[in-house]
Amino acid sequence: MGRFNRQLISVLALGLPLAGSHIAQISITVTDTVMMGWYGIEELAALSLAGPFYFVLFLLGQGFALAVMPKVASALANEDHTQVRRDTRMGLWISFLVGLATMPIMWFSAPLLVAAGQEEELAQMVQTYLRIAGWSLPFFLMATTFKSFLAALEHSQAVLWLTLMGTGLNVVLNYAFIFGNLGAPELGLVGAAVASLGTHTLICLLLAWYSTRRTGLRRYAILTHIWRPDWEAFGQVFNLGLPISMTGFAESALFTASSFMMGWLGHEVLAAHGIALQIAGITFMLHVGLSSAATVKVGNAYGRRDPADVRTAALAALALSMAVVAVTILAFLTIPELLVGLFLDPHDPQRDTVIALGKILLAMAALFQLVDALQVMSLGMLRGLHDTRKPMIIAVISYWIIGIPASYYLGFQMGWEGIGIWLGMAIGLAVAGISMMIRFRNWLARQETRRAA
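Residues numbered from 1 in each chain as written. Predicted model: local features only at pLDDT ≥ 70, side-chain atom pairs only at ≥ 80, totals over all residues. Heavy atoms only, no water.

**Some points on the side chain of Ser321**
- Mapping Ser321 onto the fold places it in helix α12 (residues 307-334).
- When near neighbours in sequence (up to four residues on either side) are disregarded, Ser321 contacts His287, Leu290, Ala373 and Met377. (Helix = DSSP H or I, 4+ residues; strand = E, 2+ residues; numbered from the N terminus. Contact = heavy atoms within 4.5 Å.)

Set out below in structure tokens:
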């Protein structure tokens, strides 16, 4: 079996469980939304506002957890178990501290929301939710650090199954505390917050237990002397992780801005936009899993100073990602009514209108899939090279300076409305993906020149 085929199988074996764990993580949010919708419209509105507020703060901390993955992958390539422990332990430190640092923002979120134009009563409901659910963020971020550690060690199936256990627990806790079942009090929105806190705490504890008790992982002793600071490793993880966090924040701003602009076109267009984004988001998780696998494989090769294997790992990951793109484009173009209809009540009088709009947006999502996959795969490969600062700058320029203005211009100045907004997002993602891929290719070219010299 050739080198490329071996890498293809290896990336697939690592990437699919990681993709599954990301989908399982998204399903927690989807479950919260559906079950709160069954409880009450006002509570659903509050959760719909609280969720993005929480997620933005999560993105600002996630980069430090994700930075552990390439750091550990490179250390493993050199069989430096001590560095694995140092990087993971300080990743946990930073995740915990960043999670705590967000609490004042969540605790006093109501004045911020009122200042942003939200109604006082709704803002207070959101604040009540965040004052409870916010305490889960340190555990959520530490769980992401444990996942990065395990992914680098290619224990991705454990990540998948432990995340699925958390998803199941979230359903049970929502059923109990939102609606007052199983002997629990009926708490409504507060119950959803309690469920989120319990779910993220348990997932973190399960991942910690597995990471320290599993045979083959004990040697790393990542929690040994966890209270001792290691400022050198702390600084390295922080410096690598901060640009990753800012890159994720820049991308989220693009999608948030698109939702605001869609809202200007009416609630039916916004509903279709939300459904199309949900569908695209689920398929996007497959690319996120493959991107993480690319980070690990490229990071291993980078740690061994093997640019030929860096190239092979990158090509294998890209080939798998493009295969997923081909399948999803086919689905978006051939069965859009079925996909959009899954999110709508069959008896809703607006169903046909939303499906018609959703079909158009899913056609745009077919193009969107290609460029979105390109940017997330190139990001994963560059992270494997410990290259995060320049990609951050590329992301900010692509999304904020090109993508958002392009969406506004095409959607409103050109009068293309929803199609224009989505096309603008695709342009921003395309600029980011192509620019990052060129950067990765230039790194390979430099390595080949050095070897030839």
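**Considerations on helix α8 (residues 156-177)**
- Its 22 residues place the ends of α8 31 Å apart at the C-alpha level, agreeing with the 32 Å of an ideal helix rising 1.5 Å per residue.
- Buried within α8 are the following residues: Ser156, Ala158, Val159, Leu160, Leu162, Thr163, Gly166, Thr167, Asn170, Leu173, Asn174 and Ala176. (Expected span 1.5 Å × (residues − 1). Buried < 20%, exposed > 50% of the residue type's maximum accessible area, 1.4 Å probe, protein only.)

**What to know about a nonpolar patch on the surface**
- Where nonpolar side chains cluster on the molecular surface, the patch consists of Phe96, Leu97, Leu100, Trp107, Phe108 and Trp135 and spans about 570 Å² of accessible area.
- The biggest single contributor to the nonpolar patch is helix α3 (residues 81-101), with 3 residues. (Patch = residues over 30% accessible without salt bridge, like charges linked within 9 Å, V, L, I, M, F, W, Y side chains within 5 Å. Areas by Shrake-Rupley, 256 points an atom, 1.4 Å probe, with all protein chains shown as cover. Salt bridge = Lys/Arg side-chain N within 4 Å of Asp/Glu carboxyl O.)

**A closer look at the nonpolar core**
- Membership of the largest hydrophobic core comes to 132 residues, with the highest contact counts inside it found for Tyr129 and Trp422.
- It is helix α2 (residues 41-77) that provides the largest number of residues to this core, a total of 16 residues.
- Apart from residues no more than four positions distant in its own chain, Trp422 is found in contact with Met262, His273, Ala276, Leu277, Leu361, Met364, Ala365 and Phe368. (Core = buried A, V, L, I, M, F, W, Y, C linked by side-chain atoms within 4.5 Å.)

**With respect to the pattern of salt bridges**
- Applying the stated rule across the entire model yields 6 salt bridges.
- Among the salt bridges present, the one from Lys359 reaches Glu337, with a minimum N-O distance of 3.2 Å. Of this pair, Lys359 sits in helix α14 (residues 351-384) while Glu337 sits in helix α13 (residues 336-341), and the two are 22 residues apart along the sequence.
- Taking relative accessible area as the criterion, Lys359 reaches 34% and is therefore assigned partly exposed.
- Each of Arg86, Asp230 and Glu232 takes part in a single network of salt bridges with overlapping partners.

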